[in-house]
Amino acid sequence: MNGAHNISPDDYEEDDTYDQANVITLNDLDVQAHNFHDLGDVDWVKFYGLSGQTYTIKASSVSVFCDVVIELFDSNGTTRLEGPWNEAGNGKDETLEWTCTRDDIYYVKLSNGNATFGENCKYDLKLYRPIGPLAGFVSGLVKDVITQQTLADVQIKTDLNQSTLSLSNGSYLMVHPPGSFT
């Protein structure tokens with residue numbers, strides 16, 4: 001309702017440009033809860049994609065006045081690879097499926113397809129690809145061996161084609177299928 005019902009920014013703000021994008025964990029059990037809290041608000045996330053893997057980006061639990069538009073961008077944050085994807089309309093889940101062509105960091109931009117914002121412009125975001133029923137978790141902290149400073153955006157992958165990026169505090173979480181891996 002065009003500002004009539006203002007709400008606080010979601011936990012991921014400021015994320016209005018690709019260089020402010022937060023990491024989204026592949027196959028995370030929890031969704032990222034986002035909203036369009038003010039006029040022109042957009043949300044950006046990033047992930048580490050692996051060549052040949054198919055990723056699904058899904059906006060679900062979409063509020064009644066929200067019309068989520070999904071766009072996928074290359075590692076430079078400006079070259080659009082897919083989208084704008086906006087097939088569902090107001091209050092409907094939106095899904096974009098994409099097969100990665102090379103190992104790299106990719107950006108997802110989410111915007112509202114109409115001019116509304118506020119209380120009824122919320123959605124949940126998830127990035128996934130099927131890995132089987134008995135997934136586990138690999139977590140850790142990435143530090144520079146010399147300075148011991150934590151490192152952000154480190155690309156982490158296993159030989160079972162799972163990947164993630166370290167967060168700004170150097171920590172990472174990877175949802176991983178069972179078995180032996182390196």
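See the structure printed just above.
All figures in this text were calculated on a predicted structure; none of them were measured in a lab.

Chemist: Give a detailed account of the sheet that holds strand β6 (residues 80-85), specifying residues and quantitative values.
Modeler: The strand order β1-β3-β8-β5-β6 describes an open sheet built from 5 strands, whose pairing is mixed. The open sheet has two edge strands, β1 (22-23) and β6, and neither has a second partner. When strand β5 (residues 68-73) meets β6, the two strands line up antiparallel, connected through 3 bridges. Bridged to I70 within β6 is W85.

Chemist: Help me get a handle on the nonpolar core, residues and values and all.
Modeler: Grouped together as the largest cluster of nonpolar side chains are 33 residues, with contacts concentrated most on F47, Y55, I57, V68, W98, V108 and Y123. Per-element tally for this core: the top contributor is strand β8 (residues 104-112), with 5 residues.

Chemist: Go over empty space enclosed by the protein with me, naming the residues and quoting the values.
Modeler: Inspection of the entire model under this criterion finds 2 cavities of 30 Å³ or more. Taken as a whole, the largest cavity holds about 50 Å³ of empty space. Taken together, V23, I24, T25, L26, F47, Y48, Y55, L127, S163, T164 and L165 make up the full set of residues lining the largest cavity. Elements represented by at least two residues in the lining of the largest cavity include exactly β3 (43-49) and β12 (163-165). In terms of residue count, the dominant contributor to the lining of the largest cavity is β12 (3 residues). By volume, the second largest cavity amounts to about 30 Å³. Lining the second largest cavity, in full, are I24, V45, F47, I57, V108, L125, K126 and L127. Counting only elements with at least two residues in the lining of the second largest cavity, the list comes to β3 and β9 (122-128). Counting residues per element, the lining of the second largest cavity draws most heavily on β9, at 3 residues. Considering only residue class, the lining of the second largest cavity consists of 7 nonpolar, no polar and 1 charged.

Calculation criteria
Residues numbered from 1 in each chain as written. Predicted model: local features only at pLDDT ≥ 70, side-chain atom pairs only at ≥ 80, totals over all residues. Heavy atoms only, no water. Pairing = 2+ DSSP bridges. Helix = DSSP H or I, 4+ residues; strand = E, 2+ residues; numbered from the N terminus. Core = buried A, V, L, I, M, F, W, Y, C linked by side-chain atoms within 4.5 Å. Buried < 20%, exposed > 50% of the residue type's maximum accessible area, 1.4 Å probe, protein only. 1 Å grid on protein atoms, 1.4 Å probe; cavity = no way out; pocket = protein on both sides within 12 Å on 5 of 7 lines; lining within 4 Å. Points joined across faces, edges and corners; volume = space filled by probe spheres on them. Nonpolar A, V, L, I, M, F, W, Y, C, P; charged D, E, K, R; others polar.

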